[in-house]
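# Observations on chain architecture
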Protein chains: 2
Amino acid sequence: MKVIVPFKPINPKSRLGNVLNSDEREEFAKLMLLDVLKVLRESGLEVKVITTSKIDVGVDAEIVEDNRELDECINAELIEVPKAVVMSDLPLLNLETIERFFEMKEDVIIAPGRKGGTNMLAVRRKGFKVSYHYCSFLKHVSTARSLGYSYRIFDSFYASIDIDTEDDILELMIHGEGKLSRSFLNRIGFHIEMAKVPKLVRYVKYSRF
Amino acid sequence: MKVIVPFKPINPKSRLGNVLNSDEREEFAKLMLLDVLKVLRESGLEVKVITTSKIDVGVDAEIVEDNRELDECINAELIEVPKAVVMSDLPLLNLETIERFFEMKEDVIIAPGRKGGTNMLAVRRKGFKVSYHYCSFLKHVSTARSLGYSYRIFDSFYASIDIDTEDDILELMIHGEGKLSRSFLNRIGFHIEMAKVPKLVRYVKYSRF
């Protein structure tokens, strides 16, 4: 199955602005994309990255520039099925999780993120339309039901963690051993402080001035 | 495998004090326990609830009062293996998730919660000791490694959602169709407001005065 990975290289992850500067956010977003592409390619999947502006990732994947809104892009892709959509900010995905996801046979498979997100989606029948805002998870379930398509919720912790906030970064620090994006965070001074509830902290290792 | 479910009936879920009063928190905690016990019993597992004070749940499970600290209680239980520990605040657990968990064959199976928690644990060899505070997930992985035991991380979204905060309640509202604890929240006025990022809101349906 062909997998679409949407990507926004310019000013990504603005909610991390308190802990990462603009250059760091761009580098971090790109390394998360690489973590995702790596595991998809290792699973033998064909990958197409749809990016809002030019990128160079050095991975064996089709790269297409497209400035349309996310929903419009993806719905254009879903004219041809089967197809999957995997978000670029899921660095904790591993081979086992991806293989379990693609083994499922229902018409529509939805991997939820927190707060009603849809982090991964597989669609095997024509006519399904995505809508990624305002609790997309419930909307996608409702769309599958109203079309009479079989659907399944994919139960995965790793797929549920899209990195948007400091709390999400903490998850990457705890669970992300071996990931490029986690190594980058380590390199720029992040670590876990073992408080009663573990906390994300950042050492400024070298003065920038 | 025998499953231990620790429970604290008095003043539970204090971090929900902003959205639930003390009586509501007690009722809510008990209904979450019932949601968990229901799915464990449906899976045919033998269940022992260890509670800090007397409860009446009306479910076919052994109920034992024990006022020791959590770690001490569980480590006493782990003298006899195999044994599992499932937290009582995981109302999103379903039959499929529980069955997938208990099918795994490693010496130690850990289902992570957010912020380094250990939400479910299965132990098949003697000598493993739990430590539930200060990023228990990393400590349990490290204990399994140092004992030379095989271990596996159980990848589940539903098992990862222990209900401690308002954000967690939002997850129960989105994903908890059919759960006793979710019905209770509906009954006392909670619903999801479909903002760009969905929000938890509570209608006060009837004045209490």
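For the structure itself, look to the data block above.
Treat the numbers as computed from the prediction; the structure is a model and nothing was measured. (Residues numbered from 1 in each chain as written. Chains lettered and ligands numbered in written order. Predicted model: local features only at pLDDT ≥ 70, side-chain atom pairs only at ≥ 80, totals over all residues. Heavy atoms only, no water.)

We now examine the nonpolar core. Counting 144 residues, the largest nonpolar core has Phe28, Met120 and Ile169 of chain A together with Phe28, Met120 and Ile169 of chain B as its most contacted members. In this view, Phe28 of chain A contacts Leu16, Leu20, Ile163, Ile169, Leu172, Ser181, Phe184 and Leu185 of chain A; residues no more than four positions away in its chain are not counted. (Core = buried A, V, L, I, M, F, W, Y, C linked by side-chain atoms within 4.5 Å. Buried < 20%, exposed > 50% of the residue type's maximum accessible area, 1.4 Å probe, protein only. Contact = heavy atoms within 4.5 Å.)

Here we come to the sheet that holds strand E2 (residues 46-51) of chain B. Residues and elements named next belong to chain B. Read across the open sheet, the seven strands follow the order E3-E2-E1-E4-E6-E5-E7; overall the sheet is mixed. Across the chains shown, the open sheet's two edge strands, defined by having one partner strand only, are strand E3 (62-65) and strand E7 (151-153). Pairwise comparison of adjacent strand axes, ignoring direction, gives a mean angle of 20° for this sheet. When strand E1 (residues 2-7) meets strand E4 (residues 83-86), the two strands line up parallel, connected through three bridges. In the strand pairing of E4, Val3 is matched with Ala84. Set on the sheet, helix H1 (residues 22-42) makes contact with E1, E2 and E4; between it and E1 the angle comes to about 175°. Across the sheet, helix H2 (residues 70-77) is in contact with E1, E2 and E4; its angle to E1 comes to roughly 165°. (Pairing = 2+ DSSP bridges. Helix = DSSP H or I, 4+ residues; strand = E, 2+ residues; numbered from the N terminus. Axes fitted to C-alpha atoms, helices over the stretch in contact; angles between N-to-C directions.)

Attention shifts here to the packing of aromatic side chains. If you walk through the whole model with that rule in mind, you get eight aromatic pairs over all chains. Ring geometry for Phe101 of chain A against Phe102 of chain A: centres 5.0 Å apart, planes inclined by 85°, an arrangement best described as edge-to-face. Under the relative-accessibility criterion, Phe101 of chain A is labelled buried at 1%. Using a relative accessible area of 15% as the deciding quantity, one classes Phe102 of chain A as buried. Seen from their ring centres, Phe101 of chain B and Phe154 of chain B are 5.1 Å apart, and the 80° between their planes marks the pair as edge-to-face. Here the residue Phe101 of chain B occupies a position in helix H3 (residues 95-103), and Phe154 of chain B occupies one in the loop between E7 and helix H5 (157-160), the gap between them amounting to 53 residues. Residue classification places Phe154 of chain B among the buried residues on the basis of a relative accessible area of 0%. Among the aromatic side chains, those forming a connected cluster through ring pairs are Phe101, Phe102 and Phe154 of chain A. (Phe/Tyr/Trp six-rings, centres within 6.5 Å; stacked < 30°, edge-to-face > 60°.)

Facing the 35 residues of chain A at the interface are 35 residues of chain B. Both sides of the chain A and chain B interface together cover about 3200 Å² of buried area, and 55% of this is carbon and sulfur. Inspection of the chain A/chain B interface yields 10 salt bridges. A salt bridge links Asp155 of chain A to Arg100 of chain B, with the shortest nitrogen-to-oxygen separation between them at 3.3 Å. The interface formed by chain A and chain B holds 20 residue pairs in polar contact (both at pLDDT 80 or more) in total. Every element with two or more residues in the side of chain A that touches chain B is listed here: helix H3 (95-103), helix H4 (136-146), strand E7 (151-153), helix H5 (157-160) and helix H6 (166-175) of chain A. A breakdown of the residues in the side of chain A that touches chain B according to their chemical character gives 16 nonpolar, seven polar and 12 charged. (Buried area = accessible area lost by both parts, 1.4 Å probe. Salt bridge = Lys/Arg side-chain N within 4 Å of Asp/Glu carboxyl O. Polar contact = N/O pair within 3.5 Å; in protein donor to acceptor, adjacent residues only side chain to side chain. Nonpolar A, V, L, I, M, F, W, Y, C, P; charged D, E, K, R; others polar.)

Let us now look at the pattern of salt bridges. A complete count under the given rule lists 34 salt bridges over all chains for this structure. Here Lys13 of chain A ties to Asp164 of chain A by a salt bridge, and the two come within 2.7 Å at their closest N and O atoms. With a gap of 151 residues between them, Lys13 of chain A in the loop between strand E1 (2-7) and helix H1 (22-42) and Asp164 of chain A in the loop between H5 and H6 connect regions that are remote in the sequence. Salt-bridge contacts for Arg152 of chain A lead to Glu96 of chain B; the nearest nitrogen and oxygen are separated by 3.0 Å. Here the residue Arg152 of chain A occupies a position in strand E7, and Glu96 of chain B occupies one in helix H3, the pair thus bridging two chains. Residue Arg152 of chain A is classed as partly exposed on the basis of its relative accessible area, which comes to 26%. Because the salt bridges share partners, they merge into one network encompassing Lys2, Glu46 and Glu62 of chain A.

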